[in-house]
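As a plain string of letters, each chain reads:
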Amino acid sequence: MIIHPLLLIVATPLAGALLIALSAGKPTQRETVTLVTAGLLFWQVLRLLAHSLGGGTVSPVELAVMPGVPLALSVEPLGLIFALVASGLWIVNSVYSIGYMRGNNEAHQTRFYVCFGLAISFAMGIALADNLFTLFLFYEALTLSTYPLVTHKGGAEAREAGRVYLGILMSTSIGFLLLAIVWTWQATGRMDFTPGGILAGHVDEPEVGLLLFLFMYGIGKAALMPIHRWLPAAMVAPTPVSALLHAVAVVKAGVFSVVKVIVYIFGLDLLNASPSADWLLYAAGATILIASLIALKQDNLKRRLAYSTISQLSYVILAAAILAPLSVAGAALHIAAHAVGKITLFFAAGSIYTAAHKTQVSQLDGIGRRMPWTMGAFAIGALSMVGVPPTAGFLSKWFMLSGAWATEQWVAVGVIVLSTLLNAAYFLPIVYAAFFRAPPPDDAHHPPHGEAPWPIVAALTTTAGLTVLLFLFPRPVLDLALALVGATP
Amino acid sequence: MSQLLKVAEAAAHGVTESATHTAQHAAHAATPSLSLLGDNLPALAIVVPLLAAPLVALMIRPALAWSLAALAGLTTLAVTGGLLARVLDSGPIVYAVGGWAGPWGIEYRIDTLSAGMLVLVAGIGAVSLLYARASVAREIPPARASLFYSLMLLCLTGLLGMCISGDVFNVFVFLEISSLSSYALIGLGSTRRAFTAAFNYLILGTIGATFYVIGIGLLYMMTGSLNMADLATLVPAQMDTTTVQMAIAFLAVGLSLKAALFPLHLWLPNAYAYAPSVVTAFLAATATKVSIYVLVRFVFTVFGGTGLLVLEGPLGLSAGTLICVLALAGVVVASLSAIYQEDAKRLLAYSSVAQVGYMLLGVGLASPAGLSAGLIHVFNHALIKFALFLAVGAVVWRTGSAHMAALAGAGKRMPWTMAAFVIAGLSLIGVPGTVGFVSKWMLLQAALAQQLWLVAGLILFTSLLAVVYVWKMIEAAYFRPVPEGGPEIAEAPLSLRLPLWLVALACIYFGLDASGPVGIAETATRTLLEGGA
């Protein structure tokens, strides 16, 4: 029996998780399984990408759950971008995890790798979801599988963070998203993702805005303010979790779902014709600016990164809310661009913690001299956040701005310009201090240290390289992003 | 004995009206039998556990008693499985007990709904009995073990009987069999509080049963019949009489009491909290559901279906609306109470009251979609609560208590048990991919199809309350440190874990492929609504 290739993509990390669980107590075997699984998964996604770019199609797979409600997987450009980013970075992140978890002598490592495998499997499910039910199923599964990772350290602080994490993500998804899905199903009798949307003609004017509200605030993973607090809370997790899940898989699952709903459920035309849906642009714009302002004041490095993530996620929402094809392509591109940049920043933060046990921005004076690779990569990641060439962040911002300019959305243009300044204001001083301030003298509080273990350095150098590569060779991702909005490159 | 009396009585009174029915049923009874065993399956479903019960009581050695009881449980499951297959294959079965044709004789009437309920009850009975060996050895004195198994079989007989019988008085007899045995079973709990809990239930349960018997007495007064199918044809002509309306009121209150519909649920939390673990698991998964089944039978088969529910009553309030309001109030209040419980069994008991609310909400919506949703939740919640109580039973087996403090460290020491608990807990919340989601989805559909936004909002809000109380237990198991000097905790024995995992996996299986149960629920709904028309 041949397993359907899409099912196989979801099943591979699942099987990997099972094998990891069976390797409890054998660190080398556990890590080998993780790396092999990650490699196999990426290879499958690459093959799917090559097949799709070559014009081939993959028949969707359907399993009936309830009458009319199938669990269905299919391939479309946006999902491919997300799957490509998540599976590719999983390999790098696994290398990094090995260095980090060993370097910090973390406990419960088997559970950690098992949950990681599960989370990736569910992220693949989200990427390939063909209808709202499937998306919702994997979305909830992703929340639950990452809960043990967020609370990994145990104890009161982790428990509280876990409550915030689960409380916000589940109350929004059950309270709003599920309602929105059932509403869509009631109104249209379907819920499959269809180019051009399915709601046009079924939902009338003021309700469009309300339904959009339920969807946007139901997808808590996209961290639109004021439902963003779970993301800073999740920073108690070990850094590899923050890096891959809370900069890539989980949060990107959120904005991915946002774009997917806007493009394939509402359809750009319906939203363009509905004044009641205009609020989204302002909500996303406000989130970008407020989160940036908060990030300015954070001294804890991971928290600053978290608020930066919140603001960057809203770029994607803003770009989608501009509703111009070019900006939607920019949104898709930004999913990939922000992923490689932000994971680099988190890798660097974890590297600093592992080598120097420092967590605060104010402790980083002169650290670039001791950890040149780490801080070099950090600088590239920071430039990508600001959107300076030659980094990937420039590319996606360019598309967003072009779309906003073309449709004369001056508010959006203003937000993007202003936030670029803010991004620079909270990232560049870190880079400056690391390289140009004098380090504190060695003493009991500041023991001498060098670079972090090699797997960590290798991982963060790779992602920093990817950030530049994506700028220089954006072709495959850009093609997919343009295919999403039906434009020809 | 009472059944015989009843037959004689019915024969004396109901001669004239029912002549046509006699002919009809006699014709059915005369159908040439293909196989003796196959044709008597309906009787076997009752006879096997009923006869096994006294035999089990005679066994002195607990192991022997258990073996026989488990064998009887599995045989009953096989019989009911055969019945379901037949009903799905060739439509409803009418079986005249002892060859006495209805409406004077007792009829067993098995349509899709009753066959589904039979399989559910027998399945849960069989798994409970398999699980019971280790649990009973720990919680019940050996001298009483055989008595315990005997009572379990009697209780099973009663519950099966309530589902199979097409005769309202016979249902009462089975109701009493199951109730009396469950009072005794609850009283066997290991603490003295079990006595008061059982006594409370005895009083309230008896009131419920009395109301029921008054209700059918009034119906009998007006129609001279006790046969459900017969009543369905006779009642409509009398619908406007105060007597029949009183009958409806008595039946509704009596059955709601047994089903623990808010605010008639007060007997339930203590009964579930202090009963032996197996009994709690078994009763939580079956007893209230069977009462709901009987209620549904009355509303739709006897009283003609949705017409009764949408009829304007005093204050412009229809019965359906009243049920919805009470059901939702029950869901909210019981869920909030559950959050504040410090004992896992009590917590789950309050959650059961809340879930009963969801089931009756589906009935109260008075639409095909609502009824299907209510019925599917009967099945789904039975699986969920069964798994949860089995898991708690395993913790009790190790620690001797179901208090939150006793759960401390269970996540680490009893990983398999707690993993199954988490699966069932997620089902209770209604996470997609589990049975709980199927119910929630169908219930939301039904509510939104009638534009009941408030109802939909409350369903979602109470799901969030479920997150809170389920997570309270999960946090206790995974985050509280193991108490110093406490009892040594290790994983529960395999004989507890296997049944637990069987049910937990069923929670996922039927969540991913719900076409079987949903199909049965929808067929049952069609039959109920057509039967009432």
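This text gives an overview of the structure that appears in the document. (Residues numbered from 1 in each chain as written. Chains lettered and ligands numbered in written order. Predicted model: local features only at pLDDT ≥ 70, side-chain atom pairs only at ≥ 80, totals over all residues. Heavy atoms only, no water.)

Another point: the overall build of chain A. Secondary structure assignment for chain A yields 19 helices and 2 strands. Taking 23 Å as the expected radius of gyration for a compact globule of 489 residues, we find that chain A reaches 21 Å, a close match to that expectation. Viewed in the frame of its principal axes, chain A has a C-alpha envelope of about 70 × 55 × 45 Å. The 489 residues of chain A split such that 64% are buried. Working note: accessible area of chain A is about 16,400 Å², and carbon and sulfur atoms make up 67% of it. Between the averaged position of the 24 positive side-chain charges in chain A and that of its 21 negative side-chain charges there is a distance of 11 Å. (Helix = DSSP H or I, 4+ residues; strand = E, 2+ residues; numbered from the N terminus. Rg over C-alpha atoms; globule rule 2.2 N^0.38 Å. Buried < 20%, exposed > 50% of the residue type's maximum accessible area, 1.4 Å probe, protein only. Areas by Shrake-Rupley, 256 points an atom, 1.4 Å probe, with all protein chains shown as cover. Lys, Arg positive; Asp, Glu negative; His and termini not counted. Charge placed at Lys NZ, Arg CZ, Asp CG, Glu CD.)

Now for helix α5 (residues 132-150) of chain A. Residue and element names in this part refer to chain A. The end-to-end C-alpha separation of α5 is 26 Å, in line with the 27 Å expected for 19 residues at 1.5 Å each. Most of α5 sits out of view: 18 of its 19 residues are buried. Sitting at the amino-terminal end of α5 is Asn131, which places a side-chain oxygen 3.3 Å from the backbone nitrogen of Phe133. (Expected span 1.5 Å × (residues − 1). Polar contact = N/O pair within 3.5 Å; in protein donor to acceptor, adjacent residues only side chain to side chain.)

The partner chain B presents 30 residues to the 30 residues of chain A that form the contact. In this assembly, chain A packs against chain B so that about 2,600 Å² is buried in total across both faces, 79% of it on carbon and sulfur atoms. Contact with chain B buries surface across chain A, with Val65(A), Met66(A) and Ile174(A) losing the most and accounting together for 20% of the total. Where chain A packs against chain B, one counts 1 salt bridge. Across the salt bridge formed by Glu475(B) and Arg163(A), the nearest N and O atoms sit 2.6 Å from each other. The tally of links from chain A across to chain B stands at 6 residue pairs in polar contact (both at pLDDT 80 or more). Tallying contributions element by element places helix α6 (residues 155-188) of chain A first for the side of chain A that touches chain B, with 15 residues. (Contact = heavy atoms within 4.5 Å. Buried area = accessible area lost by both parts, 1.4 Å probe. Salt bridge = Lys/Arg side-chain N within 4 Å of Asp/Glu carboxyl O.)

Okay, the pattern of salt bridges next. According to the stated counting rule, one finds 12 salt bridges over all chains in the structure shown. Among the salt bridges present, the one from Arg190(A) reaches Asp192(A), with a minimum N-O distance of 3.2 Å. Using a relative accessible area of 35% as the deciding quantity, one classes Arg190(A) as partly exposed. On the basis of relative accessible area, Asp192(A) is assigned to the partly exposed category, the value being 27%. A salt bridge links Asp365(A) to Arg437(A), with the nearest nitrogen and oxygen atoms 3.3 Å apart. Here Asp365(A) is found in the loop between α13 (325-356) and α14 (367-370), whereas its partner Arg437(A) is found in the loop between α17 (410-436) and α18 (454-472), with 72 residues between them in sequence. When its relative accessible area of 23% is taken as the criterion, Asp365(A) is described as partly exposed. When its relative accessible area of 41% is taken as the criterion, Arg437(A) is described as partly exposed. Each of Arg159(A), Glu160(A), Arg163(A) and Glu475(B) takes part in one network of salt bridges that share partners.

Here we come to the packing of helix α11 (residues 279-297) of chain A against helix α12 (residues 301-322) of chain A. Residue and element names in this part refer to chain A. Close contact between α11 and α12 brings their axes to 8 Å; oriented N to C, the two are set at 160°. One way to sum up the angle between α11 and α12 is to call them roughly antiparallel. The interaxial crossing formed by α11 with α12 has left-handed handedness. On α12, the residues that touch Leu280, Leu281, Ala284, Gly285, Thr287, Ile288, Ala291, Ser292, Ile294, Ala295 and Leu296 of α11 are Arg304, Tyr307, Ser308, Ile310, Ser311, Ser314, Tyr315, Ile317, Leu318, Ala321 and Ile322. (Axes fitted to C-alpha atoms, helices over the stretch in contact; angles between N-to-C directions. Parallel < 35°, antiparallel > 145°, perpendicular 65-115°, else oblique. Left-handed = near helix turned anticlockwise from the far one by under 90°.)

Two numbers describe a pair of packed helices, the interaxial angle and the distance between the axes. Residues and elements named next belong to chain B. Direction vectors running N to C along helix α4 (residues 41-58) and helix α5 (residues 62-90) enclose 175°, while the axes themselves pass 9 Å from each other. Judged on the interaxial angle alone, α5 and α4 are roughly antiparallel. Mapping the contact onto sequence places Leu41, Pro42, Leu44, Ala45, Val48, Pro49, Ala52, Leu55 and Val56 in α4 and Ala65, Leu68, Ala69, Ala72, Thr75, Thr76, Val79, Thr80, Gly82, Leu83 and Arg86 in α5. Within the contact of α4 with α5, the residues separate by chemical class into 15 nonpolar, 4 polar and 1 charged. (Nonpolar A, V, L, I, M, F, W, Y, C, P; charged D, E, K, R; others polar.)

Moving on, we come to unusual backbone geometry. The linkage connecting Met225(A) with the following residue, Pro226(A), adopts the cis geometry, with an omega of 5°. In this structure, Pro226(A) sits in the loop between α7 (205-218) and α8 (230-233). Cis geometry is adopted by the peptide bond preceding Pro263(B), which originates at Phe262(B) and carries an omega value of 0°. Along the polypeptide, Pro263(B) turns up in the loop between α11 (242-259) and α12 (268-274). If you check the backbone angles, Ala260(B) has positive phi at about 65° while not being a glycine. Within the secondary structure, Ala260(B) is located in the loop between α11 and α12. In the Ramachandran plot, Gln451(B) falls in the positive-phi region, its phi being about 60° despite a non-glycine side chain.

Residue and element names in this part refer to chain B. Looking at the element boundaries, Ala287 is found in helix α13 (residues 277-302). Distance from Ala287 to Ala259, taken between C-alpha atoms, is 7.5 Å for residues 28 residues apart in sequence. The residues contacting Ala287, other than those within four sequence positions of it, are Leu159 and Phe282.

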